Structure formats: C-alpha cells, structure tokens
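Single-letter residue listing:
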Amino acid sequence: MLSPSLLALLLLPTTTFAFKANDFKTCSQSGFCRRGRALSARALAASSSWQSPYSIDPSSLLLDPHEASFTAAIKSSLYPSAKFELDVRVHDDGVIRVRMDEVDGLRKRYDEAASWALIREPRLSKSEDVKWTVGKDGVRAKYGDNNDIEVVVQYEPVKVTMFRHGVEQVVLNGRGLLHMEHFRTKEGSQPLEIEGAEGEGDAQTVFHVNNAAWFEGEEQDAWWEETFSSWTDSKPKGPESLSIDITFPTHQYVYGIPQHATNLSLPSTTGPSASYTDPYRLFNADVFEYLPDSPVSLYGSIPLMHAHGKEGTAAVFNAVGSDTWIDVEKKDKGTETHWVSESGILDVFILPGPNPTSVFSQYSRLTGTPSLPPSYSLAYHQCRWNYVSSDDVRGVQRRFDEEDMPVDVFWLDIEYSEGHKYFMWDNKTFPDPVEMIGDVEGKERKMVIIIDPHLKRESSYPIYKVASELGVLVKPKSGEGEYEGWCWPGSSSWIDFFNPDSWDMWIKFFKTKSLDGSWAWTQSSENVGIWNDMNEPSVFNGPEISMPRDNVHYGGWEHRDVHNINGMLFTNQTYNALYHRSDPPKRPFVLTRSFYAGSQRFGAMWTGDNLGSWEHMAVGVKMVIANGLGGMVFAGSDVGGFFGNADPEMLVRWYAVGAFSPFFRAHAHIDTKRREPYLLDEPYKGIVKDVLRLRYSMLPIWYSAFRESSLTGVPLLRPQYVMFPQDEEGFAIDDQFYVGSSGLLFKPVTTKGATSASVYLSDAQIYYDYFSHTAYPPPSAAPKSKAKANLEVNSGRRIQVPAALHELPLLIRGGSILPTRERPRRSSPLMKHDPFTLRIALDVDGGAKGEVYLDDGEGYGYEKGEIVWRGFEASTTARDGKKGEKVLKVWSEDLASTQAVPSYDSANPFAQSITDVRVERLVILGIGHKPASIELEGSRKTLEWEYEEGVGRESGKADGEGKKTGVLVIKDPAVGVASDWAIVVKF
C-alpha cells in the first residue's frame, strides 16, 4: 500500500514518488541510539583501560541441581543500589540462553518478547550431561558429542563466551558495552551537588559530581522526553535502553537481521570500511519506495544474525521487541556487532552451529518451522490496487483464459470495501461478492482479500462497534479510552491483539455463517485467503508514520516495548481465524507485510512497496534470500514493482525473478498503467506465458521444497554459503541461488540489455542447462569419486550462460532428479491427476537422486500420514562379465516408509486417490552413447525411447563454454508415480 505521506497526492494527475528520509529517524535523531553509539565511542577512545562496570557476585551463584542452568546476581559499579540477575541455560540441543533482567526495580521491564516468538519453553540439558565447573574467575561447562563446545561465564567484568574446539565463536560483552539503563526517578537522577571552599567572601562554589559520566556521558540525553519533528514522546518510564556488544571472533561474514535492502553479507556500518553512516535498524515501518541500498528499517524485524567463516557457523537470536539499532564492523579475522534497543531485557540465544544447516535447525526448534502452505498459493497471483468492480475481476479472469495463461489467485485491495471499512463490501461496485467469488472458485481458482488492522471509528461499522464494546482497542498514553489515529478510513482505532479477549472476536468475524448471533462475514467463502497490510502499524499522522511509543497495550505495556511484535500478532490471529473458519479446517493462506521472529508459522510475506527499477528488482532477490535465513521462507517481491511503469523488457525479467521466488505475485499501484501479462505485445507476452507455464510445471519441485523446509527450517532459496559452507569464494554471492535440495541453480538477470550471465559454480560437479542441455563439466583435474565430487572441492569456477530476453540462466546440478508436470492448465488444482516427467541429470559418476512429495494440498490429512513421498534414484554400474559395457538403472522407492513417517500407510486415502497418476516420460542427461536396450525390470517389457547425440557426463572440458550433452528420452513407461518400479538401460 501507498505510504500515508502521499495520501493527499492521490488526486493529482501525475505524481512523483521518492523515499522521504525526513519521515524516519536516523541514529543521531534517536536518543537511545545516540547514547549507545556514544558509549561505543568512549570505549574505543579509552582502549585497553576500558572495563565494563557490570560484574557477577560469586557468592550469589545458584546452580540448578537437575538442569543445566544457573542464576547469579549482577552488580553495577555505577549504581550499587541497582540490582540485576543473570540466568544462563543450556538447551538439550546445545543452544545457550543468556538472560539478564533488573530485579526489585521501580517497575518491571518488558520480558515477554520471547514468549511470542518461541513455540514452547525450550527443554534444558540435564545437569549430568552439562556439568558446571565453578572457579575463582567464573563458571564453565563443556558439552557436545565430543565435548567440543564450551561456555565460559566470566565474573568480572561479566562476559559470556562460547568456544568450539577451544576457539572463541561468540562473545557477549567482550568489548564492555553491556548497559541496562535501570529504572529511576527524574528527581533522584540529578548529579550530586557538593559545596566547595572556593569563592569570594562567604560565597561557595557548587560542584556537580556525576560518577557515571565516564560510562554514560555527562548529559541526560533524551532521558525524560524526546521530540522528533512535531511529535513529543513523553517517556513516562525514563531511560530504559539496553546495549550489548556481540563479537564473532572467527567469522568474517554475517547475514540476517531482516528486513533491509542491502547485500546478503551485511556490509560494515562503522569503522574504516563502513558502507553506511547509520547502523542497521529494526523498527517495523511503512517505508514507501525504499532505497535499494540502505540500512533503513523496513516492514519486518527478525533479530537473528548468522555468522559464518570457513571454520564454521554460529548465530545469535536476540529476543527483543522494541526499536533496535545494530552496528556491524568487519575485522581482519572476525566481526564485531553492537546492539542497542529502546527497552526490554537481555534475552540472547547463542546458536552454536557448527554449520548453516545446524543453525537453521536450532533456530527452528526455538521459533518453529514454516507452515506447509496450501498448494495453490505456490502458483501465480494476480493483484493490483485496485480491481474496481466484480465485473472487473470477471473480466481479468476471462482474459487470462482467452490467452491460455495460468493463474490461481485474484486479489482485492482496499477499494472493495465501503469507505475502507474492511469486511464491508461496496455495494455499488461489488453488488454480488458471493457470486463473484463463486465464479472465480468455479474455475478452480481462489480470491485473496485485504483486511487491514485499522478500524474506522464509526458506530454503524459492526467490526469497530464490537471491538469498542469489548474494550480491546489500543489505548492512548493516559491508559484510558481508545487511541485515535488517521489511516485509510480517516479517523481510526486499532485492535490490541495482545489482549486475549480479541482472539475469539476475530475468529467469529471470519465465519461465513453466524452461529450465535455474532457478526460474521457471510459475504465470503471458506476458501478466501487474507492479506494483512499496514500492520507495522502504519498511522498516517503518527511519529515515523506509526503509533506513538507511549500508547498503552494490554497488561499496561507501552507500544515502544512491543512495536516490532505488534504486526505479527495481527497475522497470527488472522491465521487462527481462518483455521477455525471451516470444519474440518483448511490450511489458511495469509500474507503479511510486517513480521517478527516466529511469523514463519503463520504464512507468507512480501517485500513491500518497491519501485519498478532494475535496482529494486536486484535487491529484492537479496531480500527474499535474507528473509529465508530469518525463517520467513515464503517470501517474494511485487513483480513489476509496486510504483512506476516497468518497460516490457524489465517486466519480462521480473516475471522470471517471480517464477523463482517462493511467493509469486504481480502487483501495481493505483496510478500505474494496467499491466496484466496478457496486455503485453509480442514477443514479450509469449515469453511471459512461457515463464508462467514453467513455474506451473515446476510446482511439484516447489511443493516438495516447502515440505522439506516445514520439517527442517532450511530455506527454499539457498545461497552459495549454505550449499557450500567451505567455499569462501561463494560466501558473499547473493545474485544466484539453489531451489531447496532439488539441484536447480538459478541466476536472475537484473540488468538491462543482458544477453549472457556469469554463474559461479563451487563444486567439482557437472551442471546442465535446463533448456538447451548444454553440459558444463568440472575441471578436468577434479576427482571423479562420488565421495569427493559431491562435497566442496576447491574447484570454484565461473561460466557464461546464454541469457537473452527469452532465455533463463537455469542449471541443473549433476546428481539431481526433477519431477515436473508438463501439461498446460489454467490453474494448479487442475493438474492434480496429470502425469509426471522426470529429468535425470547424471553426476560425474553416473548417479542421481531426487524426490517428490504430494498430498491433497489443502487440508491436514498429511499430519495423519495421508501422503505420497517418493524417492527416485539412478546409478551406473558395469555389466557383469561385459568389459567396458555399463548398465544404468533408475528406480522409485517409498520414502514415507523408509523414513518412518508417523501414521503412514502406503494404502492411505490420498495415495489411493492418485493411483491413476503415472510417470509419462524420463529425460536423462549426460548419456554419451546410444543404448542397446531399455526394459522395465521384472516385466521384460521393452520401452520406447529416443536418443539425441551429445557428450556424456564424463566428457568435455571445463572451459566455461560447455557442450551439448547426450539426451535419452524414455517414453511412457506406464509406471505409477506412487508405485515401486525400476527401469534398466543397457549400453
């Protein structure tokens, strides 16, 4: 959606949009960020003489006799009367949790951020597995498979270090920047006054003594009140910020902390090599047409940072929900970071790794894996602000069908609603919403409709009326009444989803039938998906286009405490409402703009109000990859850019980017020209049509990848460092990626006029062009044994691949088997009984593996084992007694049985429903010789086949040019996709 500062400009015939930096704070305009950076500057200036004022009282140490945890009192030499407590725990998967809170203070610090992010309270290791050793300088414990992990907690100054194999991996407070601003009174925080003897006559000189000035500075900078532009933050609790330095001594690359429009490998923000002048900021904000290279905060915030180097991977998850700034400085051997948050407690989870996959697993055990989405949501979505009527929707659907272009979802933006009162249809333009939805669903498609969090303050509006009477609206700073702000409907209020009383109310609103006289959305259907926008929250007349920080939420917490969590709760409850909408429940589809750690459990996100430019297209790829590292794997950018009118070349390239994004939606601003793909002239229209069909043919690959991610937390789009964690040349690469475990490697083209693309290959493996079947073999000196060839070998190389406008730089890694469905359909549900094609890309040893996962795509039968999960494998061996002659065998096996899927029965109802689905074709790449015979094992049935000559998997030079490989096509072997079978090819 368009940002509020442009609302008044909508009536102008032409509008120029641009990022308005003055709408948002810089660090120098944020009191607590200024204080944090000034603290860091003082420490740097003091150098080796600097020492943290925080230390542990050894006499207070209390070890848990049963679990691997301890608590201890922390004291501050600055404020001896202030009390703090440290709580250190080791989870059963090796994660270390470090919590520090103020105790017996004037008031309670916000400590609930982790409770919203975590799926459950983590299980701790047993005390017999992790034994603490108490020494005169600190507490330590070793654990892990080979006692390779050690955590050391130093007493004075307090410091927490995680070691692996005796080498520092993560250090908290190693630079002495820990500072928890304790609660105090304004009157009691004045410097001590001492009368001196100097002066004339009886006059005395008064000296102001501030014992904390060396650490906190002389001034009480924005402690009790803060002004930004025309807004004043009353700060009723005074200063309460939290500063902590986190160092990764052996990791020179850090990733994550989405969402920012920047490189995947985060550039420095401080020090001699700084790329930016401000720290990275985590503050969910409605930033329109954001800059394509900036540390500015955007719509979502996940305080998770991965650190990586050749020796391994570690990560930290800092569970804080308030405005947070993060400085990054790359050092010769590692990386230093400094985190400064406006409020909250210290609650840091150290994820020990030791590799990217381990970190994803550890983070998923904390915050959950992505939910398995309904299958239709992986297909193509068509949206704009706005389709103006029910007839407009029908017309767009008709044109897609006339042009034979596939599409699964049509979207409605805010103009469907009467006066922007969400749920309420504008009867003038949408007089028949139920019939319109039915027309779309009749073609096996779905609709997604926007529901924003602001409610028009109008007593005749039932949603507002019910929420107001129930008392579940956010309150102003007085804590009384309802906060009133300005958004799309005009005067608005916001539901406080931290209030549990709002949850059942929200469930009832989404019901399609009223069961107890409550208001229900009867003019909807059980299949409608929901789009949650503006949930940062966006407030047009608020500071930084958001809600005042001294507003009050449920429990008396200020908005400053929960700002970054707020948007997630809106989406969580929408997801929950859709889950309860039908019986049995269907998998909800919810799209959110704002998110926090754990949001991956509740649906998809997109990168917000981007611009139709090559720069935004390119950075969108990086942002989607980075979001995946933070758990938000179901992500995408608006195809074509929300603002502006992309030219045909750019639009074609953007469709290719979208087709290889987990979430694939075209969207456009109300002032843009109509740009549905069928409106393009040739050859652009034909190219986009081919791209759409390619996405649909690959839906089995995407769905299988989603299923893997829903179990492991490993993202769908995998950058080089995740795939090849020991190849340093690939650690900073963020303009290409692998799709799950499929073996597909895609290089988006994001520059104008390109005719070729440079692709980096890390491993000593053969790669094949998906379309032309050109083979790119590994270096001739590379080992050919499978044990070495499939691991990282120092054989990184670049190749040039064709990338004219009609060409996609798409490679298949040798050793992969790809299941596709090649028959064009108008929507994905119509493909459920279509046959499969298996593309088999032989590796340097003549082998390959792949899999396909299938279920009904809409319900929860998969949780009861109602699935089909098949593995495919190929191997090449020597023929018995036949020197130089070989046999290639391709077979299918039931992975659900071998992997012991709970409640699985191979005769389950879903498997029975697709017994007619067959494999209609095998396309085998890397065949250097014409086969002698091809048979279906066990039947003596000779199969029909074709062979196209070319080089084999073991031939060719690694000169970057590539040669066409030999391709064997086996036609209709008449085997079921859910059956066991084997095909034998003899040479």
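Calculation criteria
- Residues numbered from 1 in each chain as written.
- Predicted model: local features only at pLDDT ≥ 70, side-chain atom pairs only at ≥ 80, totals over all residues.
- Heavy atoms only, no water.
- UniProt positions renumbered as here; feature names shortened; annotations may be inferred.
- Helix = DSSP H or I, 4+ residues; strand = E, 2+ residues; numbered from the N terminus.
- Buried < 20%, exposed > 50% of the residue type's maximum accessible area, 1.4 Å probe, protein only.
- Domains from an automatic or database assignment.
- Contact = heavy atoms within 4.5 Å.
- Buried area = accessible area lost by both parts, 1.4 Å probe.
- Salt bridge = Lys/Arg side-chain N within 4 Å of Asp/Glu carboxyl O.
- Nonpolar A, V, L, I, M, F, W, Y, C, P; charged D, E, K, R; others polar.
- Polar contact = N/O pair within 3.5 Å; in protein donor to acceptor, adjacent residues only side chain to side chain.
- Axes fitted to C-alpha atoms, helices over the stretch in contact; angles between N-to-C directions.
- Parallel < 35°, antiparallel > 145°, perpendicular 65-115°, else oblique.
- Left-handed = near helix turned anticlockwise from the far one by under 90°.
- Expected span 1.5 Å × (residues − 1).
- Disulfide = S-S within 2.5 Å.
- Core = buried A, V, L, I, M, F, W, Y, C linked by side-chain atoms within 4.5 Å.
- Arc of directions from axis to C-beta.
- Pairing = 2+ DSSP bridges.

The name given to the protein in an unreviewed UniProt entry is Glucosidase II subunit alpha, with Paxillus rubicundulus Ve08.2h10 as the source organism. You can read under Pathway (unreviewed entry) in the UniProt record for the protein the words "Glycan metabolism; N-glycan metabolism." Under the Sequence similarities (unreviewed entry) heading, UniProt states for the protein: "Belongs to the glycosyl hydrolase 31 family."

> Hey, could you run me through unusual backbone geometry in this one?
Trans is the common state for peptide bonds, and a negative phi is the common state for residues other than glycine. In this chain, aspartate 583 is followed by proline 584 through a cis amide linkage whose omega measures 5°. Of note, proline 584 is situated in the loop between helix 9 (559–579) and strand 31 (590–592). Residue glutamate 682 is joined to proline 683 through a cis peptide bond whose omega torsion reads 5°. Within the fold, proline 683 resides in the loop between strand 34 (664–666) and helix 12 (684–697). Notably, asparagine 173 is not glycine yet its phi reads approximately 65°, a positive angle. Here asparagine 173 falls in the buried class, since its relative accessible area comes to 4%. A positive phi angle, close to 60°, is found at alanine 974, a residue other than glycine.

> Help me understand the domain arrangement of the protein in this model?
Accessible area lost on assembly of the parts is the figure often given for the size of an interface. In terms of domain boundaries, the protein breaks down into domain 1 (22–183 + 220–367), domain 2 (375–712) and domain 3 (722–986). Across the contact, 63 residues belong to domain 1 and 52 residues belong to domain 2. Taken over both partners, the interface formed by domain 1 and domain 2 buries close to 4,800 Å², and the fraction arising from carbon and sulfur atoms is 56%. The tally of links between domain 1 and domain 2 comes to eight salt bridges. In this structure, glutamate 342 engages arginine 549 in a salt bridge whose closest nitrogen and oxygen atoms are separated by 2.5 Å. The set of elements that each furnish at least two residues to the side of domain 1 that touches domain 2 consists of helix 2 (113–117), strand 15 (231–233), strand 18 (280–282), strand 19 (304–309) and helix 4 (356–367). Examining the composition of the side of domain 1 that touches domain 2, we find that five residues originate from one element, helix 4, more than from any other. Classifying every residue of the side of domain 1 that touches domain 2 gives 33 nonpolar, 15 polar and 15 charged.

> Looking at this model, I keep getting lost on the environment of asparagine 645. Mind explaining?
As for its placement among the helices and strands, asparagine 645 is situated in the loop between strand 33 (635–636) and helix 11 (648–659). Counting along the chain gives 329 residues from asparagine 645 to alanine 974, while the straight-line C-alpha distance between them is 49 Å. Excluding anything up to four places from it in sequence, asparagine 645 contacts Thr672, Lys673 and Arg675. Only 2.9 Å separates the side chain of asparagine 645 from the backbone nitrogen of lysine 673, close enough to count as a polar contact.

> I keep staring at the packing of helix 7 (residues 462–470) against helix 8 (residues 501–510) and nothing clicks. Help me out?
Axes are the key here: two packed helices are described by the angle between their axes and the distance separating the axes. Where helix 7 meets helix 8, the axes come as close as 11 Å, and the angle between the chain directions of the two elements is 160°. As summarised for this structure, helix 7 and helix 8 are arranged roughly antiparallel, according to the angle between their axes. Read as a crossing pair, helix 7 and helix 8 show a hand that is right-handed. Touching Ile463, Val466, Ala467 and Leu470 of helix 7 are Asp501, Met505 and Phe509, all from helix 8. Counted by class, the contact of helix 7 with helix 8 contains six nonpolar, no polar and one charged residues.

> I would appreciate a short explanation of helix 12 in the present structure.
Taking 1.5 Å of rise per residue, 14 residues should cover 20 Å, and helix 12 covers 20 Å from first to last C-alpha, within 8% of that figure. When you tally the buried positions in helix 12, you get ten out of 14 residues, the bulk of the element. For helix 12, the set of buried residues is Lys685, Gly686, Ile687, Val688, Val691, Leu692, Leu694, Arg695, Tyr696 and Ser697. Turning to helix 12, the residues buried within the fold contact strand 24 (380–382), helix 11, strand 34, helix 13 (699–712) and strand 43 (816–820).

> Hey, could you run me through the side chain of aspartate 452 in this one?
Inspection of the secondary structure assignment puts aspartate 452 in the loop between strand 26 (446–450) and strand 27 (454–456). At a separation of 3.3 Å, a polar atom in the side chain of aspartate 452 contacts the main-chain amide nitrogen of aspartate 533. Beyond its immediate chain neighbours, meaning those up to four positions away, aspartate 452 contacts Ile414, Tyr422, Trp488, Asn532, Asp533, Met534 and Phe570.

> Explain the UniProt feature "domain: Glycoside hydrolase family 31 TIM barrel" (unreviewed entry) in the protein to me, please; I cannot follow it from the model alone.
On the UniProt side, "domain: Glycoside hydrolase family 31 TIM barrel" (unreviewed entry) is annotated at positions that read residues 370–705 here. As annotated, residues 370–705 comprises 33% helix and 11% strand, and the C-alpha atoms at either end are separated by 11 Å.

> How should I be thinking about the state of the cysteines in this particular structure?
Here a disulfide denotes a covalent bond joining the sulfur atom of one cysteine to the sulfur atom of another. Summed over all chains, the structure comprises one disulfide. Here cysteine 27 engages in a disulfide with cysteine 33; their sulfurs sit 2.0 Å apart. Here the disulfide of cysteine 27 and cysteine 33 is left-handed, its torsion about the S-S bond being about -100°. Of the two residues examined, cysteine 27 and cysteine 33, each falls in the buried class. Residue cysteine 383 stays outside any disulfide, its sulfur separated by 17 Å from that of cysteine 487, the closest cysteine. Judged by relative accessible area, which is 2%, cysteine 383 ranks as buried.

> Even after reading the chapter, I still don't get the nonpolar core, so can you show me in this structure?
Generally speaking, a soluble globular protein has its nonpolar side chains buried in company with each other. In this structure, Trp506 and Phe660 are the most contacted members of the largest nonpolar core, which totals 207 residues. Those residues in contact with phenylalanine 660, other than ones at most four positions away along the chain, are Leu694, Arg695, Met698, Trp702, Leu717, Phe737, Val739, Phe746, Leu808 and Leu810.

> Whenever I open this one, helix 6 (residues 433–441) confuses me. Can you help?
Think of an α-helix as 3.6 residues a turn; residues three or four steps apart then line up on the same face. Regarding helix 6, the residues found buried are Pro433, Met436, Ile437, Val440 and Glu441. An end-on view of helix 6 places all buried positions within 135° of arc, on one side of the element. Elements in contact with the buried residues of helix 6: helix 5 (390–402), strand 25 (409–412) and strand 26.

> I would appreciate a short explanation of the sheet that holds strand 27 in the present structure.
Read across the sheet, three strands follow the order 27-29-28 without closing on themselves; strand pairing throughout is antiparallel. Both outer strands of the open sheet, strand 27 and strand 28 (485–487), are each paired with one neighbouring strand and no more. When the angles between neighbouring strand axes are averaged without regard to direction, this sheet yields 60°. With three bridges joining them, strand 28 and strand 29 (residues 490–494) adopt antiparallel strand pairing. Counted as the bridge partner of tryptophan 486 is serine 491 from strand 29.

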